[in-house]
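# A closer look at the structure
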Amino acid sequence: MFRSCLLVRLLLSLLLAAGCDVTGEEVDKKPNFVLIMVDDLGIGDVGCYGNDTIRTPNIDRLASEGVKLTQHIAAAPLCTPSRAAFMTGRYAVRSGLGSTGYVQVLLFLGGSGGLPSSETTFAKRLQQQGYTTGLVGKWHLGVNCEHRGDHCHHPNQHGFSYYYGLPFTLVNDCVPGEGTNILRNLQHMLRNLTMLLGIGLLTLVCVRLFGLFEVSLWIVVVVFLISILATAVWYIPFKLLPTWNCIIMRNQEVIEQPMTVETLPQRLLGEAENFIKRNADHPFLLFFSLAHIHTPLFKTPAFAGKSHHGRYGDNMEEMDWIVGKITDTVDSLGLSNNTLIYFTSDHGGHLEDSDTRIGQKGGWNSIYKGGKAMGGWEGGIRVPGIFRWPGRLAAGRVVDEPTSLMDLYPTVKYLAQDTHPDRHLDGYNLMPLLEGKVERSKHEFMFHYCGVYLNAVRWHPPGSDSIFKIHFFTPNFSPPGAGGCYDTKICLCHGEHVTHHNPPLVYDLFHDPSESRPLTPETEPRYAEILEETAKSVERHQSTLTDSDSHEHSTSSQMTWQKILWRPWLQPCCGTFPFCACKEKETHV
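What this report covers is the structure whose coordinates are included nearby. None of these values were measured; they are calculated from a predicted model. (Residues numbered from 1 in each chain as written. Predicted model: local features only at pLDDT ≥ 70, side-chain atom pairs only at ≥ 80, totals over all residues. Heavy atoms only, no water.)

Right, let's talk about the packing of helix α5 (residues 184–210) against helix α6 (residues 217–239) for a bit. Here α5 crosses α6 at 155°, and the two axes come no closer than 9 Å. As the angle between them shows, α5 and α6 are arranged roughly antiparallel. The element α5 and its partner α6 pack so that their crossing is left-handed. Contacts between α5 and α6 involve Leu186, Gln187, Leu190, Arg191, Thr194, Leu197, Gly198, Leu201, Leu204, Val205 and Arg208 from the former and Leu217, Ile219, Val220, Val223, Phe224, Ile226, Ser227, Ala230, Thr231, Val233, Trp234 and Phe238 from the latter. Of the residues assigned to the contact of α5 with α6, the class counts are 16 nonpolar, five polar and two charged. (Axes fitted to C-alpha atoms, helices over the stretch in contact; angles between N-to-C directions. Helix = DSSP H or I, 4+ residues; strand = E, 2+ residues; numbered from the N terminus. Parallel < 35°, antiparallel > 145°, perpendicular 65-115°, else oblique. Left-handed = near helix turned anticlockwise from the far one by under 90°. Contact = heavy atoms within 4.5 Å. Nonpolar A, V, L, I, M, F, W, Y, C, P; charged D, E, K, R; others polar.)

Dropping the structure here:
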């Protein structure tokens, strides 16, 4: 009897110990992350943000089952700098990806600019914590530095264990008949110069042949060689852009060049789903960077003509379906309670993108002024922000406080239990705000850049609902009276393209979210305090820009002409350069 009691006690002790171990494992289990970023999505195009004519049930479901941020801010109104800030948790000016002039994003895969190896991404931090990390879709942060194949800027070098997608971005050049996005004015100038040289050469040859007057043979030869050179400078980089920029890579191998755009959405979705399935048994991070809604717009038969807003609406509803498929994959594998799904856009919609054939091809930014590439105007930087995590976040919660895409880095780092020291970060851990443990955002101030130029500052004073926005300069819209830069198709940040304001323009976004009624000393009692406090914040912010960060002292800007322009020895190629051509043979599982 005594032995039986001892045996029972021993068995109970072992069971309790095993139960404690299981509970401990469950508590300590690191979460998975599925980060979904849409390209050029207007905040007004999503149902849960007020659109009642475009159907987005799957995105709306994420919001109803999670937390919706109403003041989620991109660090820049354009792809390259916004994505750099998102990846690193730091303003793009710190990594040399702010522009000083005409070119504001990376333009060629054969350029040497990109996200420097000195920068650290959230993927690299999680990789060091034992996570399997993957990026499916758009990158647009460079590939090579000094020679083809060094892959210094490639996703694999920035913490992503697996990569499949577009190392550049989707542009009109990728689809015949859609025109060009890349240095359109320069292309026209070089083409006209080539034509003039050709006409001049033909004239000299005719004059010499018919003996109208004496023309030296060496002059004809020199003009001929100059004509050949001019034609090469124009034709090779620009007319072959579909081959140079429109490619698909798997890890560091080019697997399709040029890519078949028609099947791209299905392939990206399949790769994202397969990555989740392959890694369901251990912690993973997937950054699913969609090619939607950037132009050229897709013409997928299953969605063509189904929306109330033409091809743009069709693309929106296709994108929403893709989001639903990813969510269903997570749920079907039983991962939902331990997986944080995040949905956002890299910046606002492109208002000026339209034509008579298709109509409006860019997004709608709701009541907010401006859009893509318009500096600190709200329409270009206020984006959807949705977090869904049934095991951790309360469903249906809405947060109206200022938050940033840069907050993802410290949030993901915190949840992955990464406590190692880091560089200066501009984002903050969002979990206390998302879980309702605090009511106020840590972003008392936010800084809005247009290229390397500080365009505007946002101030959310303690104890106040007001959110003041101070604009130091604004882009010049064209034609006069328009709501965007329709003459140039995209706004610029320098010289004659902007108007500086002294004193600055001041708005209260809480009472005037459309930024239509500038405050004055007569209408705002705190006017002088607003200018004083923001001036102090700018001084503190600029003091954090070390010599290696600051555009005034840096020698490592990634956005110079030297780094942006195409160079053949840097061009990714799947064959023997310049005969680059291949097609993806099978779906990777």
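Another aspect to go through is the packing of aromatic side chains. The final tally for this structure, using the stated rule, is 19 aromatic pairs. With a centroid separation of 5.1 Å and an interplanar angle of 25°, the aromatic rings of Trp244 and Trp566 are classed as stacked. Residue Trp244 is found in helix α7 (residues 241–245), and its partner Trp566 is found in the segment after α14 (561–564); the two are separated by 322 residues along the sequence. With relative accessibility at 14%, the residue Trp566 sits in the buried group. (Phe/Tyr/Trp six-rings, centres within 6.5 Å; stacked < 30°, edge-to-face > 60°. Buried < 20%, exposed > 50% of the residue type's maximum accessible area, 1.4 Å probe, protein only.)

With that out of the way, let us pick up α5. Helix length check: α5, at 27 residues, gives a terminal C-alpha distance of 39 Å against a target of 39 Å (1.5 Å per residue), a fit within 8%. Taken together, the buried positions of α5 are Gln187, Leu190, Thr194, Leu197, Leu201 and Val207. Its buried side turned inward, α5 meets α6 and α7. Residue Gly211 follows α5 closely and has a positive phi angle near 65°. (Expected span 1.5 Å × (residues − 1).)

Pairing within the open sheet is antiparallel, and its four strands lie in the order β14-β15-β16-β17. Both edges of this open sheet fall to β14 (445–450) and β17 (498–508), since each of them pairs with a single strand only. Strand-to-strand twist of the sheet, defined as the mean angle between neighbouring strand axes without regard to direction, takes the value 20°. The sheet contact formed by strand β16 (residues 468–475) and β17 spans seven bridges and is antiparallel. Residue pairing for β17: His471 is matched across the bridge by Leu505. (Pairing = 2+ DSSP bridges.)

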